[in-house]
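Now for the letters of each chain:
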Amino acid sequence: RQTGLTSLDYGFVNTAATRSAITYIDGDAGILRYRGYPIEQVAENSTFLEVAWLLIHGELPTPAELADFDDRIRRHTLLHEDLRSFFSALPHDAHPMSVLSSAVSALSTFYQDSLSVSDPEQVELSTVRLLAKLPVIAAYAHKKSIGQAFLYPDNSLSFVDNFLRLNFGTLAEPYEVNPVLSRALERLLILHEDHEQNASTSTVRLVGSTQANLFASVSAGINALYGPLHGGANEAVLQMLANIRDSGESVQKFVERVKNKESGVKLMGFGHRVYKNFDPRAKLVKQSADEVLAALGVHDPLLDIAKELEEVALADQYFVDRRLYPNVDFYTGVIYKAMGFPTRMFTVLFAIGRLPGWIAHWREMTQDPSTKIGRPQQLYVGDVERNWPTGR
Ligand code: CMC
């Protein structure tokens, strides 16, 4: 019998690993607040970098602070030329999430002057470098996957517009940013900025608790986000919708297979560990889906399938009993697709959105004197003791 072990908690359903002042969620009431501000108000009124500052520093930036933050980020968008060529060594069909995590890991080899975890100036420099360079890395992962030349960032553009141009611009002709698309993407990124102790943020904190640098910790977070139960769900939702469309299977029939727990069949984009009535982000995203597709003049039958799926599932006792509702990932894919992003880029967009949250948590943790290295216990269920067989 082990001593000192008081509980076994698969999936950390009932274990708080830290105190945090960044994000508040009430899963029963469908409430999400960043530093006390309701997500609905944040999504309506803010910019991505303003929210990043809020999450990291705890208060809204003054106009001068925001201008300075924005300016510092613009001045760090360039990647070291050797890091640019790093992409050419990877297979063209690599998943962009693998490219992203590898390149972020490589940042700690190129920017060794900001690896300290205790020097506030270096932490700030790493913060700015990550916020500036992750979108550029993401766009290069995209360009690599479609065989197009990389563009250099245009620092006269805003954070989101620069990112759109790097993805959809070409060397051949100037790129006109569509303001509808730009605002819609910014809003989606804001909705993803933080979500307290989810799997990737907890990973960033766990890795950071060993005093690993910010680049290493964020790279680990990106890998945790990759899985289909977490950020990878947005890609999986689109595949699920496309499969339903291509197979000609009715939505009812598909839902029956989900309920029968056919192996590997889940209603992706549904269910959440914390939200048990609705995911407030999903409400906002669904609203955006209609607006963005209408503004871009896109009619996508996948949106119709998604809406039908939602309707059928919400009326079904299986989903009611288990309190399963659409989560943030259910409608995002349809919007990203309408914007022109390939399916494999969807989780990368989630990573760009979540970056400020990861940084804010890493910084909160490293500044908290109560922080200890993360080291879960286990309940040992193997043999007690055996003698090594003689004569082997
Ligand atoms: N489709 C069908 N059944 C489901 C689903 C689903 N999407 N989600 C949960 N269930 C069932 C599950 O089979 C279980 O049933 P039973 O009690 O009969 O065994 C019950 O609901 C409870 O589920 P759970 O797996 O114990 O719940 P969890 O809190 O451990 O998992 C989850 C949460 C999000 C991993 C899960 O709901 C899921 O796999 N959803 C699909 C993937 C997804 O959309 N992930 C994105 C999450 S939100 C954004 C993010 O974090 O990235």
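No experiment lies behind these values; they were computed from the predicted model shown.

The rules behind each value
Residues numbered from 1 in each chain as written. Predicted model: local features only at pLDDT ≥ 70, side-chain atom pairs only at ≥ 80, totals over all residues. Helix = DSSP H or I, 4+ residues; strand = E, 2+ residues; numbered from the N terminus. Rg over C-alpha atoms; globule rule 2.2 N^0.38 Å. Buried ≥ 20, exposed ≤ 12 C-beta atoms within 10 Å, placed from the backbone. Contact = placed C-beta atoms within 7 Å. Pairing = 2+ DSSP bridges. UniProt positions renumbered as here; feature names shortened; annotations may be inferred. Near = placed C-beta within 6 Å. Nonpolar A, V, L, I, M, F, W, Y, C, P; charged D, E, K, R; others polar. Core = buried A, V, L, I, M, F, W, Y, C linked by C-beta atoms within 7 Å. Domains from an automatic or database assignment. Axes fitted to C-alpha atoms, helices over the stretch in contact; angles between N-to-C directions. Parallel < 35°, antiparallel > 145°, perpendicular 65-115°, else oblique. Left-handed = near helix turned anticlockwise from the far one by under 90°.

Each helix and strand counted, the protein chain has 17 helices and three strands in total. Taken against the 2.2 N^0.38 rule, which gives 21 Å for 392 residues, the C-alpha radius of gyration of the protein chain at 22 Å falls within 12% of a compact globule. Across its three principal directions, the C-alpha atoms of the protein chain cover 75 × 55 × 50 Å. Expressed as a percentage of the 392 residues in the protein chain, the buried residues total 42%. Across the protein chain, the fraction of contacts at a sequence separation of at least 24, relative to all contacts at a separation of at least 6, is 76%.

As a further point, take the sheet that holds strand S3 (residues 37–38). Strand order in the open sheet made by the three strands is S1-S2-S3, with antiparallel pairing throughout. Looking at which strands have only one partner, the edges of the open sheet turn out to be strand S1 (23–26) and S3. Here S1 runs beside strand S2 (residues 31–34); their pairing, made up of four bridges, is antiparallel. Looking across to S2, one finds that aspartate 26 is bridged to isoleucine 31.

This part covers the UniProt feature "active site" (unreviewed entry) in the protein chain. Within the UniProt annotation, "active site" (unreviewed entry) is assigned to His272 and Asp329. Annotated residues spanning 58 residues; largest pairwise C-alpha distance 10.5 Å, indicating a single compact cluster. Relative to the helices and strands, histidine 272 is located in the loop between helix H12 (251–259) and helix H13 (280–295). Using a count of 21 C-beta atoms within 10 Å as the deciding quantity, one classes histidine 272 as buried. With respect to the helices, strands and loops of the structure, aspartate 329 is situated in helix H16 (residues 329–339). By the C-beta count within 10 Å, which is 29 here, aspartate 329 ends up buried. Once residues within four sequence positions are removed from consideration, aspartate 329 is found in contact with Ala233, Asn234, Val237 and Gly269.

Taken together, 20 residues form the shell around the ligand, and within it Ala233, Leu267, Gly271, Arg273 and Asn327 come nearest. Looking at side-chain class alone, the shell around the ligand contains eight nonpolar, eight polar and four charged residues.

This brings us to the pairing of S1. Across the two faces of S1 the burial differs, with Thr23 and Ile25 buried and Tyr24 and Asp26 not buried at all. In textbook terms, the turn of a hairpin is the stretch between consecutive antiparallel strands, and for S1 and S2 this stretch comprises four residues, one of which, glycine 30, has a positive phi near 70°.

For the rest of this paragraph, the subject is the nonpolar core. Ranked by internal contacts, the top residues of the largest apolar core, which has 107 residues, are Leu100, Val104, Ile137, Val218, Ile335, Val348 and Leu355. Among the elements that take part in this core, helix H17 (residues 346–367) stands out by supplying twelve residues, more than any other. Split by domain, this core shows at least three residues from each of two domains, domain 1 (12–227 + 355–367) and domain 2 (233–339). Excluding residues within four positions of it along the chain, valine 104 makes contact with Leu134, Ile137, Phe215, Val218, Ser219 and Ile222.

This part is about unusual backbone geometry. The phi torsion at glutamine 211 lies on the positive side, around 70°, for a residue other than glycine. Secondary-structure assignment places glutamine 211 in the loop between helix H9 (199–208) and helix H10 (214–226).

Bringing the packing of H10 against H17 into the picture now. Close contact between H10 and H17 brings their axes to 10 Å; oriented N to C, the two are set at 135°. On the basis of the axis angle, H10 is oblique to H17. For H10 against H17, the interelement crossing comes out right-handed. For the pair H10 and H17, contact is made by Leu214, Ser217, Val218, Gly221, Ile222, Leu225 and Tyr226 and by Thr347, Phe350, Ala351, Arg354, Leu355, Trp358, Ile359 and Trp362, respectively. Class assignment of the residues belonging to the contact of H10 with H17 gives a composition of eleven nonpolar, three polar and one charged.

Now for the environment of leucine 238. Residue position: leucine 238 is located in helix H11 (residues 233–247). According to the C-beta neighbour criterion, leucine 238 is buried, with 24 such atoms within 10 Å. In this structure, the C-alpha to C-alpha distance between leucine 238 and glycine 269, residues 31 residues apart in sequence, is 9.4 Å. Aside from chain neighbours lying at most four places away, what touches leucine 238 is Leu302, Gly333, Lys337, Thr343 and Phe346.

On domain assignment, one finds that the protein chain holds domain 1 (12–227 + 355–367) and domain 2 (233–339). The straight-line distance from the C-alpha centre of domain 1 to that of domain 2 is 26 Å. Among the secondary structure elements, those contributing two or more residues to the side of domain 1 that touches domain 2 are S2, helix H1 (39–45) and helix H8 (179–191). Classifying every residue of the side of domain 1 that touches domain 2 by side-chain character gives eleven nonpolar, two polar and three charged.

The next subject is the packing of helix H14 (residues 301–314) against H16. Packing of H14 against H16 brings their axes to within 10 Å, and their N-to-C directions diverge by 170°. One element, H14, and the other, H16, form an angle in the roughly antiparallel class. Side by side, H14 and H16 meet where Leu302, Leu303 and Ala306 of the first sit next to Phe330, Tyr331 and Val334 of the second. Its residues placed into classes, the contact of H14 with H16 shows six nonpolar, no polar and no charged.

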